[in-house]
Amino acid sequence: MNSDKLLKAAHYITSPFGYRINPVTGKHEGHNGVDYGTSGKKVPCYAVADGIVRKVSQDRYGGNFCYVEYPSLNHYGLYYHLTSFSVKAGQTVKEGQQIGITGTTGQSTGVHLHFSWIESNSKSMQYYNATYEDFESYSFPKTHSENYKKVQAKYGFNDNTMAYLEQYKYAEDLFKEMLESSNSQDYQLNTINYISAYKYGKEVFEKLGKK
């Protein structure tokens, strides 16, 4: 689940994004985020990417909340019902940095994290009138390992070739071999066979031999 970026402790969805019966009011209404339960435990919650804390405050619905902008993802994250904060407004945060501790402040029936995923646009800072999306349906941009980047820089392989190599079951081992040895004869037989099966495998071996 995408929530694995938010919570490292064991968790589960208690109320998904969309229409539901509000457990507090009993009314059928829209739910603009996803609720994650942690078996009643108050646990740390984290930044899902590098970002900027835009607001740390409280209101009667979300209780203690933190509003974080994630420029690289073109979205904002709204963390509701926190017990305490680990960041301040205006602060930059790194992916995986602690934002606060989950809780049950505001309109809540128990300890949980309500997380809203908001598209960046002219209404983003008016979070009551913003464009909400289902966080669990969001597709994070694919990121590549440092060895992937080093191999592409060293050998000049195009993106299609790198995509093929990255699909290999032992891709990271392959990248390490490519960085440590230019002699493909040193590679494992399965690795040689995998490259050979590629449409442009011959060109790959030629480039390896020139380094």
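Our subject is the structure listed above.
The shown structure was predicted, so the numbers you read here are calculated from the model rather than taken from an experiment. (Residues numbered from 1 in each chain as written. Predicted model: local features only at pLDDT ≥ 70, side-chain atom pairs only at ≥ 80, totals over all residues. Heavy atoms only, no water.)

### Section: the packing of aromatic side chains
Taken as a whole and judged by the stated rule, the model has 18 aromatic pairs. Between Tyr70 and Trp117, the aromatic rings sit 6.0 Å apart at their centres with planes inclined by 40 degrees, giving tilted as the arrangement. Linking Tyr70 in strand β7 (residues 63-70) with Trp117 in strand β12 (residues 112-119), this pair joins segments that are 47 residues apart in sequence. Across the pair, Trp117 and Tyr70 agree in class, each one buried. Ring geometry for Trp117 versus Tyr138: centroids 5.2 Å apart, planes at 65 degrees, classification edge-to-face. With a gap of 21 residues between them, Trp117 in strand β12 and Tyr138 in the loop between β13 (132-133) and α1 (146-155) connect regions that are remote in the sequence. Accessibility classification places Trp117 together with Tyr138 in one group, the buried group. One cation-aromatic arrangement involves Lys5 over Phe140; the distance from NZ or CZ to the ring centre is 4.9 Å. (Phe/Tyr/Trp six-rings, centres within 6.5 Å; stacked < 30°, edge-to-face > 60°. Helix = DSSP H or I, 4+ residues; strand = E, 2+ residues; numbered from the N terminus. Buried < 20%, exposed > 50% of the residue type's maximum accessible area, 1.4 Å probe, protein only. Lys NZ or Arg CZ within 6 Å of the ring centre and 35° of its normal.)

### Digging into the nonpolar core
Grouped together as the largest cluster of nonpolar side chains are 24 residues, with contacts concentrated most on Leu6, Tyr70, Tyr79 and Ile99. For this core, the elements supplying multiple residues, two or more each, are β4 (34-37), β7, β8 (75-82) and β12. In contact with Ile99, not counting residues within four places along its chain, are Cys45, Tyr46, Ala47, Cys66, Val68, Tyr79, Phe85, Ser86, Val87 and Val93. By size, the runner-up hydrophobic cluster in this structure holds 18 residues, among which are Val151, Tyr155, Tyr164 and Leu165. (Core = buried A, V, L, I, M, F, W, Y, C linked by side-chain atoms within 4.5 Å. Contact = heavy atoms within 4.5 Å.)

### Some words on the side chain of Asp35
As for its position among the elements, Asp35 is in strand β4. For Asp35, the side chain forms a polar contact with the side chain of Arg20, separated by 3.4 Å. Excluding residues within four positions of it along the chain, Asp35 makes contact with Tyr12, Ile13, Thr14, Ser15, Arg20, His112, Leu113 and His114. (Polar contact = N/O pair within 3.5 Å; in protein donor to acceptor, adjacent residues only side chain to side chain.)

### Focus on helix α4 (residues 189-196)
Taken residue by residue, α4 has Thr191, Tyr194 and Ile195 as its buried positions. Along α4, the residues classed as buried sweep out an arc of 95 degrees about the axis, all on the same side. Exposed residues on α4 whose side chains face more than 90 degrees from its buried face are Leu189 and Asn190. (Arc of directions from axis to C-beta.)

### Here's the deal with the pattern of salt bridges
It is possible for side chains bearing opposite charge to pair when their charged atoms get close. One pass over the full model with this rule turns up five salt bridges. The salt bridge involving Asp50 is made with Lys94; its shortest N-O contact spans 3.8 Å. Separated by 44 residues along the polypeptide, Asp50 in the loop between β5 (44-46) and β6 (51-59) and Lys94 in the loop between β10 (92-93) and β11 (98-101) bring together distant segments of the chain. Overall, Asp50 belongs to the partly exposed group, its relative accessible area being 39%. Accessibility expressed as a relative area gives 54% for Lys94, which makes it exposed. (Salt bridge = Lys/Arg side-chain N within 4 Å of Asp/Glu carboxyl O.)

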